[in-house]
Amino acid sequence: MMRLLLLTTLLPFSAFACTAFKTTHGGRTLVGLNEDAWSINANVRFEQGRDGAYGGIYFAHYNGHPLREMSDQMGMNEAGLVFDGLVVGPGAVKRRTGMPVVATSDAIRHVMRTCATVQEVATYLRSVDTGPLVGMLFFADAAGGYLLLEPDTLFTGNDAWYAVSNWRMSTCGDPATIPIPRLQAGRQLLMNDAGASLSGAEEVLSTMAVCRPKLGEGTLFSALFDPGEATAHLFFYHDFRERFTFNLKQELAKGDRTVDMASLFGPRPEYERLERYLTPFHQRWMFWILVSVLCVVVVAGTYCAIWFLRDALRMIRKRPRTAMGAALLSGLLCVALAGLLSVLLMNEAPYYFGLGDVHPALGWLPLIIIAMTAGVFIIARRSSRPRWHMAVMALFIVPVLGLLAYWQMLLP
């Protein structure tokens, strides 16, 4: 969980809008959670309680990016305590000192094994330093209480309903002003008591899910927990026509195990398109190929810098020199290409929203690289310098441009 949260802060806010809510009517609490992600390895994990600890059901996912690892995104224990992890935008964090430091993932594991209410969760979390948490943790219990742990704030409540998304709620004076349309759509339904029944809560959950236009991607899975009944209703890939219901007691009696989530449901053409979509976040081999290209670019850039500085020194000494223009432009091209590859290796959103989603100027970077490449070849052809470096540049620039075309990133 911690590694996932650390990495996802590198992504633009628009890439994520996970949503969560709880509603309590007539003593019955329902908790709905949407997990937005582009992963293709979601699973369901069951963990029995041992030595007096609570067992639980957890929904997790990861992808092929080597810097990611499998992590529980949401779950419920035998006492009816539900948790969810959400990403929020970066901001100032007031670190607490003088308390034992506990990794966020370890803190979640301890809470879900030992706590039954949000009051117990609060007592524990106030006694430890969970480190530089850059996301937000949401807990809800069977009695209807809820807790939010933000990077530097913890607060609890027991309102009849409560809804959150990727927003720092402690800094929001009026939740109605949060600019996340589907959160507001869900809040409107909750205000009208739509969550009073299981079907109503399912409507709220589906309203707060998303299916985006590029690949039909968006909400990877959704869960509707009924803590009082110890059941969890799972929906896969924003398709609410089919659900899989888990009875926690019966499932835990079968022992610890992990189940591939997609295998529980029928065909999902949109999900199959996501599986076929090649990115370094899904295919590790592609990640390492791009890392290798980045290393070649760095070496080439260093060579160009040495080439330029040597010719600059020759110019000062009025000695014969090779094409300084080609050296300078080649070096700048390497810098631009290295920057682009770094963005592609550290940010998942551009593969779905385009480079401009990271920063508007980045959307123009591929065209700039194409123009600089053409300039290098024109200058190099006019020089007497050996042209082997042109073949080396073509060897890694052409495939990169081909991938940019595949990802629809060539144009802003």
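Data block above holds the structure.
Let me begin by describing the structure that accompanies this report.

Cut-offs used in this document
- Residues numbered from 1 in each chain as written.
- Predicted model: local features only at pLDDT ≥ 70, side-chain atom pairs only at ≥ 80, totals over all residues.
- Heavy atoms only, no water.
- Pairing = 2+ DSSP bridges.
- Helix = DSSP H or I, 4+ residues; strand = E, 2+ residues; numbered from the N terminus.
- Axes fitted to C-alpha atoms, helices over the stretch in contact; angles between N-to-C directions.
- Contact = heavy atoms within 4.5 Å.
- Buried < 20%, exposed > 50% of the residue type's maximum accessible area, 1.4 Å probe, protein only.
- Lys, Arg positive; Asp, Glu negative; His and termini not counted.
- Salt bridge = Lys/Arg side-chain N within 4 Å of Asp/Glu carboxyl O.
- Polar contact = N/O pair within 3.5 Å; in protein donor to acceptor, adjacent residues only side chain to side chain.

### Topic: the sheet that holds strand S4 (residues 56-61)
Part 1: Pairing within the open sheet is antiparallel, and its 8 strands lie in the order S9-S8-S7-S6-S5-S4-S3-S14. Of all strands in the sheet, those bounded by a partner on one side alone are strand S9 (154-157) and strand S14 (257-260). Across the sheet, the axes of successive neighbouring strands diverge by a mean angle of 20°, strand direction being ignored.
Part 2: The sheet contact formed by strand S7 (residues 135-140) and strand S8 (residues 146-149) spans 4 bridges and is antiparallel. The residue bridging Phe139 from the neighbouring strand is Leu147, located in S8.
Part 3: Packing of helix H3 (residues 118-125) onto the sheet brings it into contact with S7, S8 and S9, and relative to S8 it is tilted by some 25°.

### A closer look at the side chain of Asp84
Part 1: Tracing the chain through its elements places Asp84 in strand S6 (residues 82-87).
Part 2: Although buried, Asp84 forms no salt bridge, and the nearest oppositely charged side chain, Arg182, lies 11 Å from it.
Part 3: Those residues within four positions of Asp84 in sequence are excluded, and the remaining contacts are Thr19, Ala20, Leu33, Glu35, Gln73, Met74, Met136, Leu137 and Phe138.

### As for the environment of Leu264
Part 1: Relative to the assigned elements, Leu264 resides in the loop between S14 and helix H7 (269-276).
Part 2: Between the C-alpha atoms of Leu264 and Val44, which are 220 residues apart in sequence, the distance is 9.8 Å.

### Quick word on the pattern of salt bridges
Pairing between side chains of opposite charge can happen when the charged atoms of each approach one another.
Part 1: Taken as a whole, this structure holds 14 salt bridges when the rule is applied.
Part 2: Between Asp36 and Arg182 there is a salt bridge, with its nearest N and O atoms 2.5 Å apart. Within this pair, whereas Asp36 is found in strand S2 (residues 28-36), its partner Arg182 is found in helix H4 (residues 181-191), the two being separated by 146 residues in sequence. Accessibility assignment for this pair places Asp36 and Arg182 in one class, buried.
Part 3: For the salt bridge of Arg241 with Asp239, the shortest nitrogen-to-oxygen distance reads 2.9 Å.
Part 4: Judged by relative accessible area, Arg241 falls into the exposed class, the value being 78%.
Part 5: Residues participating in the shared-partner salt-bridge network are Arg45, Glu47, Asp72 and Arg113.

### What about the side chain of Thr19?
Part 1: In this fold, Thr19 is placed in strand S1 (residues 19-25).
Part 2: Polar side-chain contacts of Thr19 include one of 3.1 Å to the backbone oxygen of Met208.
Part 3: With residues up to four places along the chain from it excluded, the contact list for Thr19 reads Gly32, Leu33, Asn34, Asp84, Leu86, Val164, Ser165, Arg182 and Met208.

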